[in-house]
Amino acid sequence: MIARALRWRGWAPVGVLASLAFCFHRRRVAQAEQRAAEGHCPGDRRELELRMVQVVFRHGARSPLHQLPLEEQVEWDPQLLEVPPQTQLDYTVTNLAGGPKPHSPYDSQYRKTTLKGGMFAGQLTKVGMQQMFALGERLRKSYVEDIPFLSPTFHPQEVFVRSTNMFRNLESTRCLLAGLFQRQKAGPIIIHTDEASSEVLYPNYQSCWRLTQKVRAQKKTATLQPGISEDLKKVKARMGLDSNDEVDFLILLDNVAAEQVHNLPSCPTLRTFARVIEERAVDTAIHILQQEDRESLQMAVGPFLHILEGNLLRAVDPTTPSNKLRKLYLYAAHDVTLMPLLMALGIFDHKWPPFAVDLTLELYQHQKSKEWFVQLSYHGEEQVPRGCPDKLCPLDLFLNAMSLYTTSPEKYHTLCSPAQAVEFRNEK
């Protein structure tokens, strides 16, 4: 059925991926659940063949996005922007159709904020470049050295690369690729990106009216939540900030994390309350994202999950042309991407995603039974995804769990429209 549908429309068009996934997992999920209940799983992992890897990662360490209203400011010296020689690698940025790189309104906005010392807000630093290079080397050990899955040299037909259209993410991707392939390439490196208005690698408040309204309402009440409110007042008072200063735990954590990773002398209060600041920033994000609200997560990362799901479906379909498949898919994203992704996958650890962290999805096929399995790792540690009996999860069960949050373009448009909000209010 899947094969016929794919042949009908070429090769897994995005408009039918959700229905294909539904047919796929509904047809076999009962069998997978029975196998899981009976404890059936590959007896020997050596009989599993790695077929595809998808890696979603946060960019490396950067300068903060906002400057705190303090008399004594941390100095961000432009020398922190020095490019380590081992990370240098040429690349080209295009839009998703292969055309010219779109304009980046976010980069233009960041350049309006000059930090003490001369750096701009949100700039990838030497530390961040080294972090990404190290992540690339870790991926090389896993997929080039430990098992001969990828070629030791970059080949365009093996790797698909996509990033949000922000310079720190494009440069982070460059550094990761330099570490992964040791600066060796057998063809041009193309990094695909999208217009800010239609990007799905982060919760997009430009394209989703209803998500914008929900988040705006939650932000207003976040700092009033018990615990968050009291701790925020305490920290701001100790820092000498006025209660009316628009500083919340998200801004405080952004500065603490950036200063600590660069070993810069920060405000003593920030160092003292670093743990509380992270905990309350996570509490704030959970309140804003509404972790238990399925529709909020669908609007935040549902379209991105749809892309990841589509890659899986094409990989397992025998009719997919080889030129439409890649062994490795790389996605350069953000902390605001990873948090709702982790929530949807049921593996959120209630810690803020650090710089250069990776979420890796591996697809395996059993050499004898030909069954498919998924292995999910976060920050290098294997995870048990939502709806799965073990770390090595039958693809049927994984797709079934993902279907709760995966959002096709058509469904995303419906969910995000003002009309949907009116309908929802009427139902209530």
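All residue numbers here refer to positions counted from 1 along the written sequence of the relevant chain. A pLDDT threshold of at least 70 governs which residues receive local features in this predicted model, and a stricter bar of 80 or more applies before side-chain atom pairs are shown or counted, although totals over entire chains, interfaces and linings include all residues. Each side-chain value is worked out from all heavy atoms of the structure, with water and hydrogens disregarded.

Novice: How would you explain the nonpolar core if you had to name every residue and give the values?
Specialist: In terms of nonpolar packing, the biggest core is built from 67 residues, with V56, M239, L252, L359, L363 and F398 touching the most fellow members. Comment: elements are numbered from the N terminus, with helices defined as DSSP H or I runs of at least four residues and strands as E runs of at least two. For this core, the leading source of residues is helix α11 (residues 294-316), giving 10 residues. Note on contacts: a residue pair is in contact if any heavy atoms of the two residues lie within 4.5 Å. When near neighbours in sequence (up to four residues on either side) are disregarded, M239 contacts L68, L70, L252, C267, T269 and L270. One finds L48, Y143, V159 and L330 within the second-largest nonpolar core, a separate group that totals 36 residues. For this analysis, a nonpolar core means a set of buried residues of the types Ala, Val, Leu, Ile, Met, Phe, Trp, Tyr and Cys, connected via side-chain atoms within 4.5 Å. Only protein chains enter the accessibility calculation, which uses a 1.4 Å probe. A residue is then buried if its area is under 20% of the maximum for its type, exposed if over 50%, and partly exposed in between.

Novice: Run through helix α4 (residues 126-146), naming residues and quoting values.
Specialist: How far a helix is expected to stretch is found by multiplying one less than its residue total by 1.5 Å. Taking 1.5 Å of rise per residue, 21 residues should cover 30 Å, and α4 covers 28 Å from first to last C-alpha, within 8% of that figure. A maximum bend of about 35° is found in α4 at R140. Looking only at α4, the buried set comprises G128, M129, M132, F133, L135, G136, L139, R140, Y143 and V144. The angle between axes fitted to the seven-residue stretch ending at a residue and the seven-residue stretch beginning at it gives the bend at that residue.

Novice: Tell me about the state of the cysteines, and please be specific about residues and values.
Specialist: Disulfides are defined as cysteine sulfur pairs within 2.5 Å. Tallied over the entire structure, the rule returns two disulfides. Each disulfide pairs two cysteine sulfurs, and for C208 the partner residue is C416, the sulfurs being separated by 2.0 Å. Taking the sign of the torsion about the S-S bond as the criterion, the disulfide between C208 and C416, at about -90°, is left-handed. One end of the pair, C208, is in the loop between β4 (190-193) and α6 (209-222); the other, C416, is in helix α14 (residues 409-416), with 208 residues separating them in the sequence. In terms of burial, C208 and C416 fall into one category: buried. Put simply, C388 and C393 are joined by a disulfide, and their sulfur atoms are 2.0 Å apart. For the disulfide bridge between C388 and C393, the dihedral angle about the S-S bond is near -75°, and by the sign convention the bridge is left-handed.

Novice: Break down the packing of helix α8 (residues 249-261) against helix α10 (residues 274-289) for me, with residues and values.
Specialist: All axes here are fitted lines through C-alpha atoms, helices being fitted over the stretch that makes contact, and every angle between N-to-C directions spans 0 to 180 degrees. Contact pair α8 / α10: the axes reach a minimum separation of 8 Å and the direction vectors enclose 135°. With respect to α10, the element α8 is oriented oblique. Here the hand of the crossing between α8 and α10 comes out left-handed. Counted together, F249, L250, L252, L253, V256 and Q260 of α8 and A274, I277, E278, R280, A281, T284 and I288 of α10 form the full contact between these two elements. Each angle receives one of four descriptions, namely roughly parallel if under 35 degrees, roughly antiparallel if over 145, roughly perpendicular if within 65 to 115, and oblique otherwise. Should the near helix be turned counterclockwise from the far one by less than a right angle, the crossing is left-handed, whereas a clockwise turn marks it as right-handed.

Novice: How would you sum up the pattern of salt bridges? Please name residues and give values.
Specialist: Between Lys or Arg on one side and Asp or Glu on the other, a salt bridge is scored when a side-chain nitrogen of the former is within 4 Å of a carboxyl oxygen of the latter. By the definition in use, this model includes 15 salt bridges. Between E145 and R140 there is a salt bridge, with the nearest N and O atoms lying 3.8 Å from each other. Taken together, the shared-partner salt bridges connect D231, R280 and D283 into one network.

Novice: Pulling in residues and values, what's your account of the packing of aromatic side chains?
Specialist: Stacked, tilted and edge-to-face pairs are distinguished by plane angle, under 30 degrees for stacked and over 60 for edge-to-face with tilted covering the rest, among Phe, Tyr and Trp rings (Trp via its six-membered ring) whose centres lie within 6.5 Å. The full count for this structure, using the stated rule, is six aromatic pairs. Judged by centre distance (6.0 Å) and plane angle (80°), the rings of Y106 and Y202 are edge-to-face. On the criterion of sequence distance, the pair formed by Y106 in helix α3 (residues 105-110) and Y202 in the loop between β4 and α6 is long-range, its members being 96 residues apart. With relative accessibility at 7%, the residue Y202 sits in the buried group. Each ring, one from F304 and one from Y331, has its centre 5.3 Å from the other, and the planes form 70°; the classification is edge-to-face. A residue pair is termed long-range when its members are at least 10 positions apart, and F304 in helix α11 and Y331 in strand β5 (residues 328-333) qualify at 27 residues. For the pair formed by F304 and Y331, the shared burial category is buried.

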